[in-house]
Amino acid sequence: RKPAEVVRNVVDAAAEKVAAALAPDAPGAPGSVPPPVEEPTTPQDPLPPKAEQGTPQTRTPTGARTGVPADAHAQQGAHLTTAQGARLRDTDHSLKAGPRGPVLLQDHHLREKITHFDHERIPERVVHARGAGAHGVFTGYGTAEAVTRAGFLRKGRETEVFVRFSTVLGSRGSADTVRDTRGFATKFYTDEGTFDLVGNNMPVFFIQDAIKFPDIIHAAKPHPDREIPQAQSAHDTFWDFVSLHTEAQHHTMWNMSDRGIPRSYRTMEGFGVHTFRLVNAAGETALAKFHWKPKLGVHSLTWEEAQLLGGIDPDFHRRDLYDAIEAGAYPEWELGFQVFPDTPEETFAGIDLLDPTKIVPEELAPVQAVGRLVLTRTPTNFFAETEQVAFHVGHLPPGIDVTNDPLLQGRLFSYVDTQLTRLGGPNFAQIPVNRPHAAVNDMLRDGFHQHAVHAGVAPYRPNSLDGGNPFPAGDDEHAFVDVPVTVAQAPKVRANPASFDDHFSQARLFWQSMSPVEREHIVRAYTFELGKCYHQAIRERQLRCLAAIDPVLCAEVATGLGLPVPEPTGPLPEVTPSPALSQVGREWPADGRMVGIVVDPDGDLDDVDRVRRSLLAAGLVPLLVAPHGGTVGDLPVQRTFATGRSVEFDALLLAGAPAPAPDAVGARDAKAGTPGAVAVDPRVLLLVEECWRHAKAIGAWGAGVDVLRQAGVADTPGVVTATTAADVVDTVGGLLARHRVWDRFPARIA
Ligand code: HDD
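Residues numbered from 1 in each chain as written. Predicted model: local features only at pLDDT ≥ 70, side-chain atom pairs only at ≥ 80, totals over all residues.

Some thoughts on the overall build of the protein
Where we set the bar: Going along the chain from the N terminus, every DSSP run of H or I of four or more residues is numbered as a helix, and every run of E of two or more is numbered as a strand. To sort residues by exposure, count the other C-beta atoms lying within 10 Å of each residue's C-beta; 20 or more gives buried, 12 or fewer gives exposed, and values between give partly exposed, all with C-beta atoms placed from the backbone. Whether two residues are in contact depends on their C-beta atoms, placed from the backbone: they are in contact if these lie within 7 Å.
Secondary structure assignment for the protein yields 18 helices and 20 strands. Taking all 750 residues of the protein together, the buried fraction comes to 43%. Within the protein, counting contacts between residues at least 6 apart in sequence, those at least 24 apart form 72% of the total.

Spelled out as structure tokens, the structure:
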């Protein structure tokens, strides 16, 4: 499917769904007869995959399209069978010696069913275990042709992709919204071979050399004795390591910033982190860093939202990804390159391009867009696709090569090695989601889980028996280019270049680039995390690191911890802030933003309907919140006072002042003598209070204004009241473009 055809606006999709829900014969519509929900008694065709899931992969292990029916890899036929295809009468009872007798060992169906079940789990990823994925399409702009020969970047060239987002530290069942770095791994199925861009949502890394990877991960994972805490860095071993191994300080600062708690995968930037070497058709080279820029801008949760969501909806990010795709609000990013001359020093503006703890500020080297990624399809099966997808930084197409970054070099070993355990052998490239879409003729043979039936007798070169096949490709036949860089004559050492010793200047650059509210968040994050450490000496050591970054940051955190502020460590480096690093102060499309509308079933529902339609028309997603489920008037209710919680909404509208529902606990009477006092369901007040505290736009009209008064937030920044609903909705839409009502946060730290 072409992106232009598939990128429907959320408006149409959501409007269609609403219209369908409102149709007189729709299930649940007033007066309609619900279809019986019973187990069918005769075989029926299974449900096809949902439209947005597409059909399962139908490529052979060698990449050619098969023409095999779409369900060839799924379950076939209506009858229950054994794994060998023998039909079965019963799967509910074991074979026994009489109804009360012992189970017989000869029950081959029981043994097969239980044995397979016993082996259903595979080892989770040693890092990035929790993730969610989606299929999509990448379209090249043609703007990179001068610097790389990679075919998938040609103008208008479309390439299928699979993207997996992840958290680093938590196990498979951990919560989505923890404070952590996020993985952003993209598999481009190019016709010149698969390209994996295995990046993160932060442009720097904790360590400079891959040999330290086990150290940082052992420190960051839960404590080995008690296996806590899960999925987070707020503990002693993490802070012990990063305060001793100070090259981690820059990445740690990113984690403590709002980047560590994204609002959605759709609102994250992505980074290739390392510098790669590009080579063009003429064989000329350039160095480059890869960036993903989200169409919706970069937005984060607040820390309280992230914590609440950990309990209320631990699947918040994956749900958001799937819901957006299913609603037709396809997540979108532009791929961009920062390009640098390939000089022998491998530096740019004095920054060592081989040091993965450093960025090159965008103000010095602008990010140039080279293509567009649109995610259009959710996986059909989580395990088959998202769990089994295997990325590798060494999967490179002609035109993109590696550099000597010592972190990248070690990764080149690790990504295949880990799959041998995780996916059980060397043939993981034959798993459907990992199959290249280019023809494969690799002379690799046999091994566990070999799916290919290789013809021929000569998987070796040279040979005469298979007609000399396979033949090496020439430059003009899309062969991969190993750039012939000169390797310096140098002594064999275990050492870093001197430039790698600067551990603090870019952490300071990041801090200096933040707005006051972002600084406030950073201070609170450090204070929270260090406050969770048991060892005083570790807190004090980290405070000394902060003193080397910025005295204000250090003093604020020390005050929060109740510890003395350490002495300055010496003159601080002069840095030029990079405004591009701040998330605050710009406007972005509000497409797909969620707006909760609290309705009073006895209020003016025509007005509510008009508001809902105008939000849809603006590309926003309205969710009606009512005292009970089903419908209010003709309108479908999406959330009740029991199931709706503020953290799901980007903005809140109050279309009335619904009286406490019968299941309300702790409902108070209207405050006597308070102007406009009404009795409001305490859960509605909680919605308002939380939305206000999380700096979300709030709007009300009519009796809804009384609720604002009752909550004590009327006439405060970002709280919009007007006589007509239309005026309220207009203003709230404008506020949403800025993501939050930033004025509502204290801005103490200038
Ligand atoms: Fe890694 C997984 C990103 C350094 C070793 N890494 C993994 C994933 C991402 C990254 C996004 C999840 C892929 C997926 O969704 O399946 N890793 C990074 C980035 C790094 C980085 C951006 C630094 C710039 N990684 C890194 C080092 C090593 C590894 C230095 C080892 C020396 N990473 C692995 C791994 C994983 C992995 C053990 C676990 C599961 C897997 O590979 O398939 O090989």
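Observations regarding the domain arrangement of the protein
What counts here: What counts as a domain boundary in this text is fixed by an automatic or database domain assignment. Just so you know the grouping, Ala, Val, Leu, Ile, Met, Phe, Trp, Tyr, Cys and Pro go in nonpolar, Asp, Glu, Lys and Arg go in charged, and all remaining residues, Gly too, go in polar.
Structurally, the protein comprises domain 1 (130–434), domain 2 (504–581) and domain 3 (594–744). Taken together, the contact between domain 1 and domain 2 spans 22 residues of the former and 25 residues of the latter. Looking at the side of domain 1 that touches domain 2, the elements with two or more residues in it are α5 (236–244) and α6 (249–256). The biggest single contributor to the side of domain 1 that touches domain 2 is α6, with 5 residues. Among the residues making up the side of domain 1 that touches domain 2, the classes are represented as 8 nonpolar, 7 polar and 7 charged.

Notes on the site of the ligand
Heads up, the rule is: By definition, a residue lies near a molecule or strand when the C-beta atom built from its backbone is within 6 Å of it.
Contacts to the ligand come from 26 residues, most closely from R125, H128, R164, G183 and V273. Among the secondary structure elements, those contributing two or more residues to the shell around the ligand are β2 (158–167), β3 (182–190), β4 (193–200) and α10 (406–422). When residues in the shell around the ligand are grouped by element, the largest group, 6 residues, is from α10. Broken down by class, the residue content of the shell around the ligand amounts to 14 nonpolar, 9 polar and 3 charged.

A few points about the nonpolar core
Counted only if it meets this: The term nonpolar core refers to a set of buried Ala, Val, Leu, Ile, Met, Phe, Trp, Tyr and Cys residues connected through C-beta atoms within 7 Å.
Core analysis: the biggest nonpolar cluster contains 157 residues, and I597, L653 and V688 have the highest contact counts within it. The element best represented in this core is helix α18 (residues 725–737), accounting for 6 residues. Counting residues in hydrophobic clusters, the runner-up holds 6 residues, among them L301, A306, L309 and V647.

Some points on unusual backbone geometry
For residues that are not glycine, phi is negative in most cases, and the peptide bond is trans in most cases. Residue P229 is reached from I228 by a cis peptide bond, and omega for that bond is -5°. Counting through the fold element by element, P229 comes out in the loop between α4 (213–220) and α5. Geometrically, the link from N469 to P470 is a cis peptide bond, its omega value of -5° lying close to zero. Take P470: it is sitting in the loop between α10 and α11 (505–513). Look at H128: it is not a glycine, yet its phi comes out positive at around 60°.

What to know about the packing of α5 against helix α13 (residues 536–547)
To be explicit about the condition: Each axis is a line fitted through C-alpha atoms, taken for helices only over the stretch in contact, and angles between the N-to-C directions span 0 to 180 degrees. Any angle between 65 and 115 degrees counts as roughly perpendicular, while under 35 counts as roughly parallel, over 145 as roughly antiparallel, and the rest as oblique. Crossings are classed by handedness, with left-handed meaning an anticlockwise turn of the near helix from the far one by less than a right angle and right-handed meaning a clockwise turn.
It is at 9 Å that the axes of α5 and α13 come closest, and there the two elements cross at 40°. One way to sum up the angle between α5 and α13 is to call them oblique. Here α5 runs over α13; the crossing is left-handed. On α13, the residues touching D236, W239, D240 and S243 of α5 are I538, R541, Q542 and C545.

Let's talk about the UniProt feature "domain: Catalase core" (unreviewed entry) in the protein
Here is the rule: UniProt positions are given in the numbering used here, feature names are shortened, and annotations may be inferred rather than shown by experiment.
When the UniProt feature table is mapped to this numbering, "domain: Catalase core" (unreviewed entry) covers residues 81–469. Between the first and last C-alpha atoms of residues 81–469 the distance is 42 Å; the span itself is 21% helix and 21% strand.

A few points about the packing of helix α15 (residues 605–617) against α18
Taken N-terminus to C-terminus, the directions of α15 and α18 make an angle of 30°; their axes are 10 Å apart at the nearest point. If you check the angle between α15 and α18, you find them roughly parallel. Crossing of α15 against α18: the hand is right-handed. Counted together, D607, R610, V611, S614 and L615 of α15 and A725, A726 and V729 of α18 form the full contact between these two elements. For the contact of α15 with α18, the per-class residue count stands at 5 nonpolar, 1 polar and 2 charged.

What to know about the pairing of β2
What counts, and what does not: Two strands are said to pair when DSSP picks up at least two bridges between them.
With 8 of its 10 residues buried, β2 lies for the most part within the structure. The pairing of strand β1 (residues 130–140) with β2 spans 10 bridges and is classified as antiparallel. Within β2, the residue paired with H135 across the bridge is F162.

Looking at the UniProt feature "binding site: heme" (unreviewed entry) in the protein
With numbering matched to this structure, UniProt assigns "binding site: heme" (unreviewed entry) to R125, R164, F213, R411, Y415 and R422. Overall, the presence of 20 C-beta atoms within 10 Å leaves R125 in the buried class. Within the element layout of this structure, R422 appears in helix α10. A count of 17 C-beta atoms within 10 Å places R422 in the partly exposed class.

Considerations on the sheet that holds strand β18 (residues 651–654)
Spatial ordering of the open sheet is given by β17-β14-β13-β18-β19-β20, a layout of 6 strands whose pairing is parallel. Since the sheet does not close on itself, it has two edges, and those belong to β17 (639–640) and β20 (719–721), each with one partner. Of the pairings in the sheet, the one linking strand β13 (residues 594–598) to β18 comprises 4 bridges and is parallel in character. Across the sheet, residue V595 finds its bridge partner in β18, namely A651. Sheet strands in contact with α15 are β13, β14 (621–626) and β18, and its direction is about 180° off that of β13.

Thoughts on the confidence of the model for the protein
Selection criterion: A residue's pLDDT is simply how confident the predictor is in it, with values from 0 to 100.
Taken as a whole, the protein shows an average pLDDT of 90; of its residues, 89% reach a score of 70 or greater. This stretch, residues 1–12, has a pLDDT under 50; its non-local contacts, to residues over four places away or in other chains, come to 24 contacts. Low confidence marks residues 58–73, where pLDDT is under 50. Its contacts with residues over four positions away, or in another chain, come to 32 contacts. In the model output, the complex is listed with pTM 0.92 alongside ipTM 0.99.

Comments concerning the pairing of strand β11 (residues 368–377)
By the bridge criterion, 6 bridges tie β1 to β11 in an arrangement that is antiparallel. Note on β11: the bridge partner recorded for H135 is R377.

A few points about α13
In plain terms, the rule: Each helix should span, by expectation, one fewer than its residue count multiplied by 1.5 Å.
For α13, built from 12 residues, the straight-helix expectation of 16 Å at 1.5 Å per residue is met to within 8% by its first-to-last C-alpha distance of 17 Å. Among all positions of α13, only I538, R539, Q542, L543, C545, L546 and A547 are buried. Its buried side turned inward, α13 meets α5, α6, α12 (516–531) and α14 (551–561).

Some thoughts on helix α7 (residues 303–312)
This is how it is decided: The reported arc concerns the directions from the helix axis to the C-beta atoms and nothing else.
Restricting attention to buried positions, one finds in α7 the residues E305, A306 and L309. Down the axis of α7, the sector holding all buried residues measures 100°, keeping them to one side. Residues of α7 that are exposed and angled more than 90 degrees away from the buried face: E304 and G311. Of the surrounding secondary structure, the elements contacted by the buried residues of α7 are α8 (316–326).

What about the environment of A618?
Within the secondary structure layout, A618 lies in the loop between α15 and β14. With 27 residues separating them along the chain, A618 and D591 place their C-alpha atoms 7.5 Å apart.

What about the environment of L465?
For L465, the position within the fold is in the loop between α10 and α11. Once you skip the residues sitting within four places of it in the chain, L465 turns out to touch V457 and A458.

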